[in-house]
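Descriptive analysis of the structure
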Amino acid sequence: MKRLFWVGVGVAVGVTATRKVNEMTQKATPAGIGTSLGEGLRELGAGLGAFGAEVRAGMNERAEELYAMVEDTTEIPVRPEPPTSARHARAPRRGASHAR
């Protein structure tokens, strides 16, 4: 019975070690390195995007606080007008000549 137990433990360790070695060798190939790098860059981009969104939200919140404080103090409306649709018009491309 003891021998059967140790054979089972040996098989489990061997299978686990083989899988780990195969995983490590796949990561060491150029395709594996590219995949790892791509995943890391995607995570970095997502983190930077979330950070930027938090910064923008904080800026907007602080701007509202400052507008409210100035309006309460001076009783003059200072909030900017909402953007018009002209702001979202397409800008000319770089290098495009104006005279055609």
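For the structure, see preceding data.
Before going into details, it helps to say that this report is about the structure given with it. (Residues numbered from 1 in each chain as written. Predicted model: local features only at pLDDT ≥ 70, side-chain atom pairs only at ≥ 80, totals over all residues. Heavy atoms only, no water.)

**Notes on the overall build of the protein**
Within the protein, the regular secondary structure consists of two helices and zero strands. With 100 residues in all, the protein has 3% of them scored as buried. When the accessible surface of the protein is summed, it comes to about 9500 Å², and 63% of that surface belongs to carbon and sulfur atoms. (Helix = DSSP H or I, 4+ residues; strand = E, 2+ residues; numbered from the N terminus. Buried < 20%, exposed > 50% of the residue type's maximum accessible area, 1.4 Å probe, protein only. Areas by Shrake-Rupley, 256 points an atom, 1.4 Å probe, with all protein chains shown as cover.)

**Regarding unusual backbone geometry**
In this model, E75 sits at a positive phi of 60 degrees, which is unusual for a non-glycine residue. What makes E75 exposed here is its relative accessible area of 71%.

**Re the pattern of salt bridges**
In the structure shown here, the tally under the stated rule is four salt bridges. With a closest N to O distance of 3.7 Å, E23 and K27 form a salt bridge. Of this pair, E23 and K27 both sit in helix α1 (residues 2-28), separated by four residues, roughly a single helical turn. The salt bridge partner of R79 is E64, with a shortest N-O separation of 2.4 Å. A residue pair is termed long-range when its members are at least 10 positions apart, and R79 in the segment after α2 (30-74) and E64 in helix α2 qualify at 15 residues. Taken together, the salt bridges that share partners define one network made up of E64, E71 and R79. (Salt bridge = Lys/Arg side-chain N within 4 Å of Asp/Glu carboxyl O.)

**Looking at the packing of aromatic side chains**
Throughout the structure, instances matching the rule amount to one aromatic pair. Ring geometry for F5 against W6: centres 5.0 Å apart, planes inclined by 75 degrees, an arrangement best described as edge-to-face. Neither residue differs from the other here; F5 and W6 are each classed as exposed. (Phe/Tyr/Trp six-rings, centres within 6.5 Å; stacked < 30°, edge-to-face > 60°.)

**Looking at a nonpolar patch on the surface**
Residues L66, M69, V70, I76 and V78 make up a contiguous nonpolar surface patch of roughly 390 Å² in combined accessible area. Residue position: L66 is located in helix α2. (Patch = residues over 30% accessible without salt bridge, like charges linked within 9 Å, V, L, I, M, F, W, Y side chains within 5 Å.)

**Quick look at the side chain of E71**
Topologically, E71 is positioned in helix α2. If we ignore the near neighbours within four places in the chain, the residues touching E71 are I76, P77, V78 and R79. (Contact = heavy atoms within 4.5 Å.)

**Comments concerning the packing of α1 against α2**
How two helices sit against one another is set out by the angle between their axes and by the gap between those axes. Running from amino to carboxyl end, α1 crosses α2 at an angle of 80 degrees, the nearest separation of the two axes being 4 Å. Classified by the angle their axes make, α1 and α2 are roughly perpendicular. Contacts between α1 and α2 involve Q26, K27 and A28 from the former and P30, G32 and I33 from the latter. (Axes fitted to C-alpha atoms, helices over the stretch in contact; angles between N-to-C directions. Parallel < 35°, antiparallel > 145°, perpendicular 65-115°, else oblique.)

**Description of α2**
Taking 1.5 Å as the rise per residue, α2 with 45 residues should run 66 Å; its terminal C-alpha atoms sit 65 Å apart, in good agreement. Within α2, the full set of buried residues consists of G32, G52 and E71. Those residues of α2 that are buried are in contact with α1. (Expected span 1.5 Å × (residues − 1).)

Nothing here speaks to function; it is geometry throughout.
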